[in-house]
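Tertiary structure, described
Here are the chains, one letter per residue:
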Amino acid sequence: MPEDYYKILGVEKGATPEEIKKKYRTLARKYHPDVNPNDKTAEAKFKEINEAFEVLGNPQKRANYDQFGQAGPGMGRGGFGGFGGFNQADFSQFDDLFSGFGDIFNVFSGGRRRHGPQSGADLRYDLTIELEESFSGIKSKIELPRTETCGRCNGNGAEPGTSLKTCPDCNGTGEVKQTRRTPLGQFVHITMCHKCNGSGKIIENPCSECHGEGTVRKTRTIEINIPKGVDNDSHLKISGEGEAGTRGGPSGDLYIVIHVKPHKTFERYGKNLYCKRTISLSQAVLGSEIEVDTIEGKAKLKIPSGTQSHTVFKMRGQGMPDLHNGKRGDQLVKIEVLIPTKLNKKQKEMFEEFSKDKTDPVQDTKKGFFEKLKKIYQ
Ligand SMILES: [Zn+2]
Ligand SMILES: [Zn+2]
């Protein structure tokens, strides 16, 4: 959005309506699309001038603008947005202004912008990896079907050695003008030329590779780096590896959507890895050092004597790496104590002997618990 309508028209703040009108007329003629075919800068300038004059040429709007600036009442930031927004009074005013200019005034159709370079579409590729691969990061080669700029014609669609012909319908402007007479005056409605699809050029000898499209379908092998730490549903953006643009437009982007397969041992929660490990009753009672699986192999875990079933041990720094700084989370191991279901004679005798002890372990822990409570509330 332009910041100062007075500056755009090159007039002083106190300029008279006549001065503004005169200046506008000079500028509008200078930058008019008919005078500057296919000149984007001139086109933008022309729109800017019109937008400024739409306000400064109207006493009510000008007063609002002077008082409130662009954000003033009725001064929405809709911008130029085509001439469709003008009311009839504005049209007649324009018509009057353009008298002496061939009685022609351009009305842009909505599709006018379409024939410039167009960016290619973005692509999505779903990649399934193992948890180990998300731990270490991998290089992966993917086969990607996509549209690419034709190498034979460099995207212009013409057979090499032949040239493009200027479109006879639009004389190379890419636009077709339709003159329309209305009670308000004569209008020229500009639409995209359908013969050349707005490009202004006609291909007489289409490229044998792309048949004049300028693009071809290819399956391309791309090597991608999957960084360590990627999680399920991570999206990796690879700039410029999407579909080719047309008429020199940039390529779209490629989005790799990561799916991490379920693991037989681990479940991932953020950066932490969670697993279960069964130990024997004697290991729980007497304490032990056990070997547990980690994402990198094996590690030792110390089980203190008297470990209860469902106790969770934390193995610090044995989790997944952070995608951004590589700092690893923890591995959480939930212990399950296996109660023996078959005892030999000797073992059975031992348990019977053990049970003769008058101390009830359940009561014992309860007592301890209440004593602790008492201490807290004393
Ligand atoms: Zn080609
Ligand atoms: Zn044409």
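Relevant structure appears above.
Residues numbered from 1 in each chain as written. Chains lettered and ligands numbered in written order. Predicted model: local features only at pLDDT ≥ 70, side-chain atom pairs only at ≥ 80, totals over all residues. Heavy atoms only, no water.

**Considering the overall build of the chain**
A tally of helices and strands in the chain yields nine helices and 16 strands. Put simply, of all contacts in the chain between residues at least 6 apart along the chain, 66% involve residues at least 24 apart. Taken as a whole, the chain presents about 23200 Å² of accessible surface, with 50% of it coming from carbon and sulfur. (Helix = DSSP H or I, 4+ residues; strand = E, 2+ residues; numbered from the N terminus. Contact = heavy atoms within 4.5 Å. Areas by Shrake-Rupley, 256 points an atom, 1.4 Å probe, with all protein chains shown as cover.)

**Section: the coordination of the zinc ion (ligand 2)**
Protein coordination at the zinc ion (ligand 2) comes from Cys167 (SG), Cys170 (SG), Cys193 (SG) and Cys196 (SG), with a distance range of 2.2 to 2.3 Å. The site at the zinc ion (ligand 2) holds four donor atoms, and with the angles between them running 103 to 117°, its shape is tetrahedral. Every donor residue of the zinc ion (ligand 2) comes from the same chain, spaced as C-x2-C-x22-C-x2-C. Pair noted here: cysteine 170 is in the loop between strand S4 (164–166) and strand S5 (175–182) and cysteine 193 is in the loop between strand S6 (185–192) and strand S7 (201–203), with a separation of 23 residues, a long-range link. There is no split in this pair, since cysteine 170 and cysteine 193 are both buried. (Donors = N, O, S within 2.8 Å, 3.2 Å for Na, K, Ca; no water. Tetrahedral: all angles 85-135°; square planar, octahedral: opposite > 155°, others 65-115°. Buried < 20%, exposed > 50% of the residue type's maximum accessible area, 1.4 Å probe, protein only.)

**Re the sheet that holds strand S11 (residues 267–269)**
The strand order across the open sheet formed by four strands is S11-S12-S16-S15, and the pairing between neighbours is mixed. Edge positions in the sheet fall to S11 and strand S15 (312–315), since each of these pairs with one other strand and no more. Across this sheet, the average inter-strand angle for adjacent strands is 35°, counted without regard to direction. With eight bridges joining them, strand S12 (residues 272–280) and strand S16 (residues 331–338) adopt parallel strand pairing. Its bridge partner being in S16, isoleucine 279 is matched across the sheet by valine 337. (Pairing = 2+ DSSP bridges. Axes fitted to C-alpha atoms, helices over the stretch in contact; angles between N-to-C directions.)

**Concerning the coordination of the zinc ion (ligand 1)**
Summarising the metal site, the zinc ion (ligand 1) is bound by the protein donors Cys150 (SG), Cys153 (SG), Cys207 (SG) and Cys210 (SG), whose distances to it range over 2.3 Å. Geometry at the zinc ion (ligand 1) is tetrahedral, judged from the four donor atoms that bind it and their angles of 105 to 118° at the metal. Between the donor residues of the zinc ion (ligand 1), the gaps in sequence give the motif C-x2-C-x53-C-x2-C. Within this pair, whereas cysteine 150 is found in the loop between strand S3 (138–149) and S4, its partner cysteine 207 is found in the loop between S7 and strand S8 (215–226), the two being separated by 57 residues in sequence.

Keep in mind these numbers describe shape, not what the thing actually does.
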